[in-house]
Amino acid sequence: AGNGGDVGGTLELVLSEDNSTGYKDVFYLKDRKKKPYQAKIWRPDTKDHINLGTFRGKHEAAVAVAQFAEMVVRISPAQTNAVLKKDELPRPPPA
């Protein structure tokens, strides 16, 4: 496990053998040429996804998923609920 947003730290990218991209929560959109990789998180409580955006590469999308996961871990449960209820979330800052 990495230490997330710490300066010089690392993020933990979650691999998936069940996903063609190789990363959990990263999907290939064949109709998109410039940014064909979508990062989205499944919300089982509401049975929908949080769209984190589209990206040029699958690794970049996986980093967005990891940054989102780190953000959720760092905030309080009340803040987590508020964030997870939003339809669109701000993009994580560039690395």
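Here, the structure is the one placed above.
Residues numbered from 1 in each chain as written. Predicted model: local features only at pLDDT ≥ 70, side-chain atom pairs only at ≥ 80, totals over all residues. Heavy atoms only, no water.

Engineer: So what exactly am I meant to see when it comes to the pairing of strand E3 (residues 48-55) here?
Structural biologist: A regular strand places its side chains on the two faces of the sheet in alternate fashion. Here seven bridges tie strand E2 (residues 37-43) to E3, and the two strands are oriented antiparallel to one another. Following the sheet pairing, Arg43 is matched in E3 by Asp48. Counting the residues in the hairpin turn of E2 and E3 gives four residues, including Lys47, whose phi is positive at 55 degrees. (Pairing = 2+ DSSP bridges. Helix = DSSP H or I, 4+ residues; strand = E, 2+ residues; numbered from the N terminus.)

Engineer: Explanation requested: unusual backbone geometry in the structure shown.
Structural biologist: Most of the time, phi is negative for any residue but glycine, and the peptide bond is trans. Backbone geometry at Asp25 places phi at a positive 65 degrees, although glycine is not the residue there. With respect to the element layout, Asp25 can be found in the segment before strand E1 (26-28). Accessibility expressed as a relative area gives 14% for Asp25, which makes it buried. (Buried < 20%, exposed > 50% of the residue type's maximum accessible area, 1.4 Å probe, protein only.)

Engineer: Got a minute to help me understand the sheet that holds E1 in this structure?
Structural biologist: Strand pairing in a sheet is mediated by backbone hydrogen bonds. Such pairs are either parallel or antiparallel. A sheet is described by the order of its strands in space; here three strands give the open sequence E1-E2-E3, paired in antiparallel fashion. Taken across any chain shown, the strands that pair with only one partner, and hence form the sheet edges, are E1 and E3. Neighbour-to-neighbour, the strand axes of the sheet open up by a mean angle of 30 degrees, direction not taken into account. Here E1 runs beside E2; their pairing, made up of three bridges, is antiparallel. If you follow Tyr28 over to E2, its bridge partner there is Tyr37. (Axes fitted to C-alpha atoms, helices over the stretch in contact; angles between N-to-C directions.)

Engineer: Before we go on, may I ask you to explain the side chain of Gln38 in this structure?
Structural biologist: Along the polypeptide, Gln38 turns up in strand E2. A polar contact is formed between the side chain of Gln38 and the side chain of Asn51, at a distance of 3.4 Å. Apart from the residues lying within four places of it in its own chain, the contact partners of Gln38 are Asp25, Val26, Phe27, Leu29, Asn51, Gly53 and Thr54. (Polar contact = N/O pair within 3.5 Å; in protein donor to acceptor, adjacent residues only side chain to side chain. Contact = heavy atoms within 4.5 Å.)

Engineer: I tried to follow the environment of Ala61 on my own but got confused; where do I start?
Structural biologist: Residue placement: Ala61 occurs in helix H1 (residues 58-74). What makes Ala61 buried here is its relative accessible area of 0%. Ala61 sits 34 residues away from Phe27 along the chain, and the two C-alpha atoms are 8.7 Å apart. Filtering out sequence-adjacent residues up to four positions away, Ala61 remains in contact with Val26, Tyr37, Ala39 and Phe55.

Engineer: How should the nonpolar core be read in this particular structure?
Structural biologist: Side chains that are nonpolar tend, in soluble globular proteins, to be buried together. Residues Val26, Ala39, Ile41, Leu52, Ala61 and Val65 are the most contacted members of the largest nonpolar core, which totals 13 residues. Put simply, the parts of the chain that give this core at least two residues each are E2, E3 and H1. The element best represented in this core is H1, accounting for five residues. Residue contacts for Ala39: discarding those within four places in its chain leaves Asp25, Ile50, Asn51, Leu52, Gly53, Phe55, Ala61, Ala64 and Val65. (Core = buried A, V, L, I, M, F, W, Y, C linked by side-chain atoms within 4.5 Å.)

What is shown is where atoms sit, not what they do.
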